[in-house]
Amino acid sequence: IIRDALKLIELHHGIKIDIDTIPLDDKKTLELYQRAETNGTFQFESVGMQKYLKDLKPDKFEDLIAMNALFRPGPLAYIPEFIDRKHGRKRIVYDLPEMEEFLEDTYGITVYQEQVMLLSQKLAGFTKGEADVLRKAMGKKDRATLDKMKSRFIEGTSQKNMDTKVCEKVWTDWEAFAQYAFNKSHSTCYAFVAFQTAYLKSHYAAEYMSAVLTHNLSNIDKITFFMEECRRMNLPVLGPDVNESHYNFGVNNKGEIRFGLGAVKGVGEGAVQAIIEERNKNGNFSNIFELAQRVSTKAVNKRCLESMAMAGALDCFEGIHRAQYFAGDSKDPTPGIERVTRFASAFSNNTSSMTNTLFGEDHHDTITVPSLAEVAPWNSLEKLRREKEVIGFYISGHPLDEYRFEIDNFCTHKIDELKDVDKLKEKDISIAGILTEVNHRMSKTGKPFGSFTVEDFSGSIQLVLFGSDYGKLKEYLIQESFIYLRAKVQTRFQQSDTWEVRPYSIQFLSDVSDKMTKSITLKVPLEKISDQLIASVNEILVAHPGNSIVKFSIEDSSENIAVEAPAKKIKVKASQQLLDQLTMSKEIEVKVN
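Residues numbered from 1 in each chain as written. Predicted model: local features only at pLDDT ≥ 70, side-chain atom pairs only at ≥ 80, totals over all residues. Heavy atoms only, no water.

1. Some words on the nonpolar core
Put simply, the test is: Residue types Ala, Val, Leu, Ile, Met, Phe, Trp, Tyr and Cys, when buried and joined through side-chain atoms within 4.5 Å, form a set referred to as a nonpolar core. Each residue is placed in one exposure class: buried if its accessible area under a 1.4 Å probe, protein chains only, is under 20% of its type's maximum, exposed if it is over 50%, and partly exposed if it falls in between. The helix and strand labels rest on DSSP assignments: H or I over at least four residues marks a helix, E over at least two residues marks a strand, and numbering proceeds from the N terminus. For this analysis, residues touch if any pair of their heavy atoms sits within 4.5 Å.
Residues L200, I257, F259, I288, M308, L314 and Y325 are the most contacted members of the largest nonpolar core, which totals 94 residues. At seven residues, helix 4 (residues 61-70) tops the list of elements feeding residues into this core. Excluding its chain neighbours within four sequence positions, the residues that come into contact with I288 are L305, L314, F317, I320, Y325 and V340. Residues F405, I434, F482 and L522 belong to the second largest nonpolar core, which totals 29 residues.

2. Overview of helix 16 (residues 302-311)
Stated precisely, the cut-off is as follows: Contacts described as polar in this section are N or O atom pairs within 3.5 Å, which, within protein, must combine one atom able to donate a hydrogen with one able to accept it, while residues neighboring in sequence count only if both atoms come from side chains.
Burial of helix 16 is extensive: seven of the ten residues sit out of reach of the surface. For helix 16, every residue scored as buried is listed here: C304, L305, S307, M308, A309, M310 and A311. Taking the backbone nitrogen of R303 as reference, a side-chain oxygen 3.3 Å away marks N301 as the first, capping residue of helix 16. Following helix 16 by one or two positions, G312 has its phi on the positive side, about 90°.

3. Concerning a nonpolar patch on the surface
Applicable threshold: The patches described consist of residues with a relative accessible area above 30% and no salt bridge, like charges being joined within 9 Å and nonpolar side chains (Val, Leu, Ile, Met, Phe, Trp, Tyr) within 5 Å. In this description, accessible areas are obtained by the Shrake-Rupley approach with a 1.4 Å probe, and a residue is regarded as covered only by the protein chains that are shown. We count a salt bridge whenever a side-chain nitrogen from Lys or Arg sits within 4 Å of a carboxyl oxygen from Asp or Glu.
On the surface, L526, I529 and I534 cluster together into a nonpolar patch covering about 250 Å² of accessible area. Within the secondary structure, L526 sits in the loop between strand 9 (519-525) and helix 22 (531-542).

4. A few points about the sheet that holds strand 9
Test applied: Paired strands are those between which DSSP finds at least two bridges. Every angle, taken between N-to-C directions, lies between 0 and 180 degrees, and every axis is a line fitted to C-alpha atoms, over only the stretch in contact when it is a helix.
Strand order in the open sheet formed by four strands is 11-10-9-12, with mixed pairing between adjacent strands. Among the strands making up the open sheet, the edge pair consists of strand 11 (561-572) and strand 12 (589-592). The average angle at which neighbouring strand axes cross in this sheet is 25°, direction not considered. Two strands pair when backbone bridges link them, and strand 9 and strand 10 (residues 545-556) are joined in this way by seven bridges, in the parallel orientation. The residue bridging V524 from the neighbouring strand is I554, located in strand 10. Running over the sheet, helix 22 touches strand 9, strand 10 and strand 11 and is turned about 160° from strand 10. Sitting on the sheet, helix 23 (residues 576-583) touches strand 9, strand 11 and strand 12, and the angle it makes with strand 12 is about 155°.

Here it is in structure tokens:
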């Protein structure tokens with residue numbers, strides 16, 4: 001990932017970065033860690049680690065080395081103490097003043113094997129060899145060796161007139177530490193590579209995330225996760241394009257991430273290479289017929305063109321939309337792609353025959369460029385469905401995009417959180433998604449039942465309805481419909497040790513907002529109210545009529561009071577679009593009830 005990111009940076013910025021010499025006090029990189037925006041970076045991207053990073057607010061590389069060593073079973077319990085000491089909420093204490101030299105960087109807490117080795121030499125006069133024997137005994141939890149070395153340690157510290165009771169405590173702490181002792185040099189190497197990835201993400205986000213996406217293309221869950229991370233970073237991820245894409249993910253001249261043509265099923269490496277070589281040699285393609293003329297039909301065949309059209313890689317050609325490549329008309333029922341390949345063959349044959357004539361006259365003008373059928377464009381759902389067919393997931397959006405409000409406000413879980421169903425025993429859950437597969441069946445005993453797959457932004461789950469539940473809810477089981485589903489996590493029939501998600505309520509997602517949003521409250525500071533703000537808010541609310549009550553909470557921070565008042569004449573349909581429009585004004589905070 002680092003290698004490919006560096007290549008993209010050199011390609012687009014003309015900068016050759018020596019990643020091994022980046023400054024380890026780089027402010028922008030440390031700020032990324034302080035915000036815990038570490039998705040896609042090495043070692044520090046787990047949810048638990050991100051929580052601790054926000055609390056720790058690391059401001060030096062050594063903090064990251066320590067966190068890397070502490071974030072494991074055992075030492076995990078020391079992290080809150082480590083954080084409190086760093087920020088002065090708890091006093092940094094040393095059992096012996098001599099220990100400060102080696103424990104200062106970790107705020108008085110022993111974190112690394114090397115600290116024990118150095119302290120054993122300083123406090124008890126251990127040789128380097130003895131200190132290494134101690135390290136190995138700790139790593140292997142060798143009780144016999146540790147017991148022998150304890151007497152050597154106490155003897156050595158007493159010769160230096162140190163308090164025996166304190167030294168006994170130090171040794172006891174070290175024995176407990178031996179259970180999870182970690183090597184600092186090991187942790188430093190991990191933290192160094194992690195810092196390199198964070199440096200690239202913070203300074204060259206598009207190039208770095210392109211490399212991350214390229215190396216996760218085979219994992220649909222990860223690729224959708226990282227595409228969502230790009231959206232959070234306001235980093236556009238655009239579909240493939242014959243005039244901009246390379247084989248892997250790349251970055252265009254506007255700093256946007258562009259899908260690689262190699263991600264499209266049916267488009268081989270040879271086809272991509274032929275397209276790129278011709279594009280580099282003679283410039284971009286102006287239309288589909290010019291593409292067919294300039295690139296060999298052996299490299300870019302009919303299937304290749306169909307896959308690229310479905311993926312949106314031909315959307316750059318003005319005046320032609322995706323449906324035209326797959327439709328004929330009353331004059332000519334031949335689909336658009338076949339018209340293109342037929343033209344390409346005729347052009348190729350004509351070129352060959354010209355080469356073989358005595359004088360090589362130019363007969364190109366005898367081949368007429370065909371037109372494509374005038375048909376209605378695909379709707380957004382059809383476009384997304386075709387994209388998923390040739391790439392494996394949605395690119396230009398997600399069918400659920402218009403329902404983000406309902407998902408964010410009324411769902412208790414994402415679907416990927418239901419994978420470990422044992423953690424949700426006896427819980428009521430609610431999810432939302434699109435039905436990607438629906439089957440109405442008959443059991444062996446002749447009873448009807450339904451199985452269906454629900455998919456959201458995070459993943460998919462297959463569920464089943466039997467008996468009265470099926471009879472009550474089957475009307476909602478329609479392929480590609482959007483549903484809001486409530487379920488109970490309970491034991492499977494006659495299997496007390498197996499848990500499953502059992503649906504008991506389904507409704508169409510389009511009905512959820514009006515049914516479940518009782519009111520929305522607009523919180524506005526008193527000092528920010530103006531005629532212009534009132535007019536703007538009124539215009540937005542009037543444009544979204546519905547059944548939800550609107551309340552205003554006017555807050556006076558100087559007096560620490562707030563007055564709440566309902567709007568008498570306006571009711572709205574709560575949606576993500578409405579919330580986005582209202583919160584564009586930084587003066588307004590919106591709460592959904």
